[in-house]
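Spelled out from the first residue to the last, the chains are:
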Amino acid sequence: MPAFAGMTAERMRVSNTQSGSLRIKLPASLLAERQGDVAILRLSRPQKRNALDDETIVGIETFFTSLPDGIGAVLLHGEGEHFSAGLDLSELQERDIKQGIAHSSLWHRAFEKIQFGKVPVVAVLHGAVVGGGLELAAAAHIRVAERTTYYALPEGSRGIYVGGGGSVRLPRLIGTARMMDMMLTGRTYSAEEGQAMGLTTYLVEPGAGFAKGLELAKRIAGNTPLTNFAILQALPRIAEMDPAAGYAIEALMSSIAQADGEAKARLKDFLEKRGPKVKPGT
Ligand code: 1HE
């Protein structure tokens, strides 16, 4: 159920001074905190390069399904030198087909909660963003890369295949041909190349990612919940529809959004010279 169902924009807004723990029970590999209306999730297993074991994937699902009211955006980042080394290869034991499908489905379910969850998610990337780490990043709505970032899909060379939704999300971001190349040859792409091919939309200096991601998350959390719902839930689905159906859904969605009391108040503010103007370079 969408976060805003049954709630007004006013109820979703919280004091900007709130910070601290989120009181969501997570495994040791994940750390959660809040800064005002932004929830921060940190992959916190740097000794294993934030490799994603089953417990961590379940923890990610728990986090995204337990966000309290008043959270308007999530910032996802990683501790240590790397964002994530992907699937925890030490857990890759002999699985039969049924177990393999269940494992992949676990990742699908968890990442679905990111992509089609309650609030927008900004991922801050640095160092290795490989295999399942890249699949995780692809489920976020905005990606910020520090210049240390590099991308790879080493599954091909390990005799396995992506299982965290990569075949669905990555071709939509970078094209099937590029993903095929990454998987067939194991090549890496740099942060600059990732930015040029649309994997990220922000590229920042080493160490500057968290501040940039938090700035974006705070700005996003200031949108009305209804607009963020439309952007998260309607936009990607309209983009996959045939144009005629897309126009119809767009007309409905835009009329619902503009009828909201908060939208009316914001338009009035602008027309009465109180609302912000669009500023270049922001
Ligand atoms: C790991 C993992 C891991 C590191 N699973 N333990 N992913 C990969 O094929 C990437 C594998 N990892 C690497 O290539 C490198 O570790 C990195 C380039 C990411 C980082 O290198 P480096 O030199 O900083 O670290 P390291 O010395 O290689 O690793 C430090 C420790 O982390 C070491 O353990 P230790 O006990 O010897 O200290 C490594 O074994 C451990 N480690 N990466 C388990 N991935 C849903 S399907 C998704 C399919 C995939 O994701 S396939 C891609 C898997």
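Look a little higher up for the structure.
Predicted model, so just to flag it, every value in this text is computed and none were measured. (Residues numbered from 1 in each chain as written. Predicted model: local features only at pLDDT ≥ 70, side-chain atom pairs only at ≥ 80, totals over all residues. Heavy atoms only, no water.)

With respect to the side chain of Asn50
Alright, step 1. In this fold, Asn50 is placed in the loop between β3 (38–43) and α2 (54–65).
Alright, step 2. Polar side-chain contacts of Asn50 include one of 2.7 Å to the backbone nitrogen of Arg45.
Alright, step 3. Within polar-contact distance, the side chain of Asn50 engages the backbone oxygen of His82 at 3.0 Å.
Alright, step 4. Once you skip the residues sitting within four places of it in the chain, Asn50 turns out to touch Leu43, Ser44, Arg45, Gly78, Glu79, His82, Phe83, Ser84, Ala85 and Gly86. (Helix = DSSP H or I, 4+ residues; strand = E, 2+ residues; numbered from the N terminus. Polar contact = N/O pair within 3.5 Å; in protein donor to acceptor, adjacent residues only side chain to side chain. Contact = heavy atoms within 4.5 Å.)

Considerations on the packing of helix α6 (residues 166–174) against helix α7 (residues 176–185)
Alright, step 1. Two numbers describe how α6 lies on α7: the axes approach to 7 Å, and their chain directions differ by 120 degrees. In this view, α6 runs oblique relative to α7, as classed from their interaxial angle. Residue-level contacts link Gly166, Ser167, Leu170, Pro171 and Ile174 of α6 to Thr176, Arg178, Met179 and Met182 of α7.
Alright, step 2. A per-class count over the contact of α6 with α7 returns five nonpolar, three polar and one charged. (Axes fitted to C-alpha atoms, helices over the stretch in contact; angles between N-to-C directions. Parallel < 35°, antiparallel > 145°, perpendicular 65-115°, else oblique. Nonpolar A, V, L, I, M, F, W, Y, C, P; charged D, E, K, R; others polar.)

Digging into the pairing of strand β4 (residues 73–78)
Alright, step 1. With six of its six residues buried, β4 lies for the most part within the structure.
Alright, step 2. Burial along β4 is two-sided: the residues Ala73, Leu75 and His77 and Val74, Leu76 and Gly78 are all buried.
Alright, step 3. Across three bridges, the pairing between β4 and strand β5 (residues 121–125) is parallel. From the neighbouring strand, Val74 faces β5, where its bridge partner is Val121. (Buried < 20%, exposed > 50% of the residue type's maximum accessible area, 1.4 Å probe, protein only. Pairing = 2+ DSSP bridges.)

Some details on the side chain of His77
Alright, step 1. Looking at the secondary structure, you find His77 in strand β4.
Alright, step 2. Take His77: its relative accessible area is 11%, and that puts it in the buried class.
Alright, step 3. A polar side-chain atom of His77 sits 3.3 Å from a polar atom in the side chain of Arg42.
Alright, step 4. If we ignore the near neighbours within four places in the chain, the residues touching His77 are Ile40, Leu41, Arg42, Leu43, Phe83, Val124 and Phe210.

A word on the pattern of salt bridges
Alright, step 1. Per the counting criterion, the structure on display carries 16 salt bridges.
Alright, step 2. Here Arg147 makes a salt bridge to Glu192, at a shortest N to O gap of 2.9 Å. Highlighted residues: Arg147 in the loop between β7 (142–146) and β8 (150–152) and Glu192 in helix α8 (residues 191–196), separated in sequence by 45 residues.
Alright, step 3. Overall, the relative accessible area of 36% leaves Arg147 in the partly exposed class.
Alright, step 4. Of the residues examined, Glu192 reaches a relative accessible area of 37% and is grouped as partly exposed.
Alright, step 5. Glu240 is paired through a salt bridge with Arg172; the nearest N and O atoms lie 2.6 Å apart. Taken as a pair, Glu240 in helix α10 (residues 225–240) and Arg172 in helix α6 lie far apart in primary sequence, 68 residues in all. (Salt bridge = Lys/Arg side-chain N within 4 Å of Asp/Glu carboxyl O.)

Quick look at the site of the ligand
Alright, step 1. Taken together, 23 residues sit near the ligand, with Lys48, Ala85, Leu89, Gly132 and Arg158 positioned nearest.
Alright, step 2. In the model, a nitrogen atom of the ligand is placed 2.7 Å from a nitrogen or oxygen of the Ala85 main chain.
Alright, step 3. Contact between the ligand and Gly132: an oxygen atom at 2.7 Å from a main-chain N or O atom of the residue.
Alright, step 4. Burial of the ligand by the protein chains amounts to 65% of its free accessible area of 1000 Å².
Alright, step 5. Breaking the shell around the ligand down by element, the ones donating at least two residues are β6 (128–130), α4 (132–139) and α5 (155–158).
Alright, step 6. A breakdown of the residues in the shell around the ligand according to their chemical character gives 10 nonpolar, seven polar and six charged. (Near = heavy atom within 4 Å. Areas by Shrake-Rupley, 256 points an atom, 1.4 Å probe, with all protein chains shown as cover.)

Nothing here speaks to function; it is all geometry.
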